[in-house]
Amino acid sequence: MIDTIHTVVIGAGPAGLIAAGFAAKNRHKVTVIEKNARPARKLMITGKGRCNITNNCDIDTLMDNIAANPRFLYSSFNAFSPQDTMALLEELGLELKTERGNRVFPKSDRASDVVDALVKFARQNGVVITQGQADRLLISNGVVTGVVLGDGTELSCDRVIIATGGLSYPLTGSTGDGYRLAAQAGHTIMPTVPSLVPLEFEEEDYADLQGLSLRNAALTAIEIDSGKSIYKEQGEMLFTHFGVSGPLVLSATAYFSDMFPGKYRISVDLKPALSFDQLDLRVLSDLNEHPNRQYANSLGNLLPKKMIPFIVKRSRIDPETKSGQISKKDRQRLVSLLKNTEFTVSGFRPIEEAIITRGGVKTDQINPKTMGSKLAEGLYFAGEVIDVDGFTGGFNLQIAFSTGYLAGNQ
């Protein structure tokens, strides 16, 4: 038996729920197919469970924070801006707050409240959310006519919106299903790689720093062959058992391409508020405060306890040297190390650990004003399945909302 449905949305993440809700507001009969028992599972873990919903910025700033194919998103951002996202969620009863960097969060700091609001938006407009998995599209003479589910059920429809996400966090359902469906309709899938992802290092001494969080460091990412700095920012980073993570590092990786061992290095300035000369005076003062104390025991006012053995080793100064006996040359080498501690990047962590996926359905084959396929009539795309991605700060979720809005309003 074939059920007749006007619009089928594949995927109940933020892009899918927004698309479904607006399609239903336009008096479409809408069914959302979601493989998980609960909608928007990935959204539940974003922002460490707080959910950075969007960025309360203007369109120019929004465009400046898109790493891949920003021009493709111009129409969707103008059609549905961050302020539109905020207004919609507030109308749904979700209280919001704007924090540092114009990042917008639910006032409750609970991602589940964002999920509840999006599900409410869809359901109050008559959307039916059903559990299942889309196996393939039904296409006749270049026109999408339906979807076949994994259990063999056929859903006939006038439109299909693919909003399945990418490949990151596959346990939440992002397993690349949308790429397979898009390819069936003839779409080119650009290579998928992790973005906003932790880094692994070639050096082994970082293991001594595992668990250490630096809250006010400056990180510079450098392309080794050219010596070109591709990213520089100040903020928080976290050393792990494999290398380094944290907001600074995740943001930096959005600028990396063609990753291979030894292509990039990162430089960490542990004291970005001080110039070299200012820090030299500070170190000299600390060393002279207790001139008979061993060097290894004289850095407690300068560095986190966990970092001292690491810096002592890298400075190549005998840890038992009396602080007052350290030469000017050795002291300035220590200062240089504090201003420029370097690590060689060996690679990204697996895509399963990335916040987002770079790559996806080629934008040249999608109409940027409608999110409609140029290859198959009645087929639309929204969210991370498309080859677009942004930096951290709420920009990737805004991509989902804006593209979902366009796809749902056709």
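Structural notes on the overall build of the protein
At step 1: When helices and strands are tallied, the protein shows 11 helices and 24 strands.
At step 2: Across the 410 residues that make up the protein, the buried fraction comes to 55%.
At step 3: Counting contacts in the protein only where the partners sit at least 6 residues apart, residues at least 24 apart contribute 73% of the total.
At step 4: Roughly 17,800 Å² of accessible area belongs to the protein as shown, and the carbon and sulfur atoms make up 47% of that amount.

Details of the packing of aromatic side chains
At step 1: Per the stated rule, a full pass over the model turns up 12 aromatic pairs.
At step 2: Members of the aromatic cluster, each reached through a chain of ring pairs, are Phe201, Tyr206, Phe239, Phe310 and Phe343.
At step 3: Directly above the ring of Phe105 sits Arg50, whose terminal nitrogen or CZ lies 3.9 Å from the centroid.
At step 4: Its guanidinium or amino end placed over the ring of Phe242, Arg349 lies 4.1 Å from that ring's centre, counting from NZ or CZ.

Focus: the nonpolar core
Proteins that are soluble and globular tend to have nonpolar side chains buried together.
At step 1: Counting residues in hydrophobic clusters, the biggest one holds 78 residues, and the most contacted among them are Ile10, Val160, Leu379 and Phe381.
At step 2: The residues contacting Val160, other than those within four sequence positions of it, are Val8, Ile10, Leu137, Val144, Gly146, Val147, Gly378, Leu379 and Tyr380.
At step 3: Within the second largest apolar cluster, 45 residues are counted, among which are Tyr231, Met237, Val249 and Phe348.

Focus: the side chain of Ser251
At step 1: Mapped onto the fold, Ser251 is located in helix 7 (residues 247-253).
At step 2: With a relative accessible area of 11%, Ser251 lands in the buried category.
At step 3: Dropping the residues within four chain positions of it, Ser251 is found in contact with Leu196, Tyr231 and Thr392.

Description of the sheet that holds strand 17 (residues 243-245)
At step 1: With antiparallel pairing, six strands are arranged side by side around a closed barrel as 14-17-16-15-18-19. Taken pair by pair, the neighbouring strands of this sheet meet at an average axis angle of 45 degrees, ignoring direction.
At step 2: Pairing of strand 18 (residues 264-269) with strand 19 (residues 341-348) involves four bridges; the strand directions are antiparallel. Looking across to strand 19, one finds that Ser267 is bridged to Glu342.
At step 3: Contacts between helix 10 (residues 328-339) and the sheet are confined to strand 18 and strand 19, with strand 18 contributing the most and set at about 115 degrees to the helix.

Side note on the layout of surface pockets
At step 1: Roughly 150 Å³ of volume is contained in the second largest pocket.
At step 2: Top contributing element to the lining of the second largest pocket by residue count: strand 13 (residues 189-195), with four residues.

Observations concerning the packing of helix 8 (residues 276-289) against helix 10
At step 1: Across the interface, helix 8 lies against helix 10 with an axial gap of 10 Å and an inter-helix angle of 125 degrees. The orientation of helix 8 with respect to helix 10, classified from their angle, is oblique. Our pair here, helix 8 against helix 10, has a crossing hand that is right-handed. Contact residues: Phe276, Leu279, Asp280, Val283, Leu284 and Leu287 in helix 8; Arg331, Gln332, Leu334, Val335, Ser336, Leu338 and Lys339 in helix 10.
At step 2: Residue classes in the contact of helix 8 with helix 10 are distributed as eight nonpolar, two polar and three charged.

Brief notes about the pairing of strand 2 (residues 7-10)
At step 1: Burial along strand 2 is two-sided: Thr7 and Val9 and Val8 and Ile10, pointing in opposite directions, are all buried.
At step 2: As defined by bridge partners, strand 2 adjoins strand 3 (residues 30-34) across four bridges and the pair is classed as parallel. Opposite Val8, over in strand 3, you have Thr31 as the bridge partner.
At step 3: Where the polypeptide runs from strand 2 across helix 1 (residues 14-25) and back to strand 3, its parallel neighbour, the crossover connection is right-handed.

Quick word on the pattern of salt bridges
At step 1: In this structure the tally under the stated criterion is 18 salt bridges.
At step 2: Arg50 is the salt-bridge partner of Asp109, the closest N and O atoms lying 2.9 Å from each other. You can see Asp109 sitting in the loop between strand 7 (103-106) and helix 5 (111-124) and its partner Arg50 sitting in the loop between strand 3 and strand 4 (54-55), a full 59 residues away along the chain.
At step 3: For Asp109, a relative accessible area of 31% gives the class partly exposed.
At step 4: For the salt bridge of Asp205 with Arg314, the shortest nitrogen-to-oxygen distance reads 2.7 Å. Here Arg314 lies in helix 9 (residues 308-315) and Asp205 lies in the loop between strand 14 (199-201) and strand 15 (213-223), a separation of 109 residues in the sequence.
At step 5: For Asp205, a relative accessible area of 24% corresponds to the partly exposed category.

Thoughts on the sheet that holds strand 6 (residues 96-99)
At step 1: Strand order in the open sheet made by the three strands is 4-7-6, with antiparallel pairing throughout. Two strands bound the open sheet, and with one partner strand each, they are strand 4 and strand 6.
At step 2: As judged from the four bridges shared by strand 6 and strand 7, these two strands associate in the antiparallel manner. Residue pairing in the sheet places Thr98 in a bridge with Val104 of strand 7.

Some thoughts on helix 9
Side chains that are three or four residues apart share a direction in an α-helix, a result of its 3.6 residues per turn.
At step 1: Within helix 9, six of the eight residues are buried, which leaves the element mostly enclosed by the surrounding structure.
At step 2: Within helix 9 the residues assigned to the buried category are Ile308, Phe310, Ile311, Val312, Arg314 and Ser315.
At step 3: Residues of helix 9 that are buried in the fold lie against helix 10 and strand 19.
At step 4: In the segment just after helix 9, Arg316 is the residue with positive phi, at about 60 degrees.

Details of unusual backbone geometry
At step 1: The backbone of Arg27 sits at a positive phi, close to 70 degrees, despite the residue not being glycine.
At step 2: Of note, Arg27 is situated in the loop between helix 1 and strand 3.
At step 3: The backbone of Met371 sits at a positive phi, close to 65 degrees, despite the residue not being glycine.
At step 4: Residue placement: Met371 occurs in the loop between strand 21 (366-367) and strand 22 (372-373).

About the criteria used
- Residues numbered from 1 in each chain as written.
- Predicted model: local features only at pLDDT ≥ 70, side-chain atom pairs only at ≥ 80, totals over all residues.
- Heavy atoms only, no water.
- Helix = DSSP H or I, 4+ residues; strand = E, 2+ residues; numbered from the N terminus.
- Buried < 20%, exposed > 50% of the residue type's maximum accessible area, 1.4 Å probe, protein only.
- Contact = heavy atoms within 4.5 Å.
- Areas by Shrake-Rupley, 256 points an atom, 1.4 Å probe, with all protein chains shown as cover.
- Phe/Tyr/Trp six-rings, centres within 6.5 Å; stacked < 30°, edge-to-face > 60°.
- Lys NZ or Arg CZ within 6 Å of the ring centre and 35° of its normal.
- Core = buried A, V, L, I, M, F, W, Y, C linked by side-chain atoms within 4.5 Å.
- Pairing = 2+ DSSP bridges.
- Axes fitted to C-alpha atoms, helices over the stretch in contact; angles between N-to-C directions.
- 1 Å grid on protein atoms, 1.4 Å probe; cavity = no way out; pocket = protein on both sides within 12 Å on 5 of 7 lines; lining within 4 Å.
- Points joined across faces, edges and corners; volume = space filled by probe spheres on them.
- Parallel < 35°, antiparallel > 145°, perpendicular 65-115°, else oblique.
- Left-handed = near helix turned anticlockwise from the far one by under 90°.
- Nonpolar A, V, L, I, M, F, W, Y, C, P; charged D, E, K, R; others polar.
- Right-handed = clockwise from strand over helix to strand, strands pointing away.
- Salt bridge = Lys/Arg side-chain N within 4 Å of Asp/Glu carboxyl O.

Structural measurements only, silent on function.
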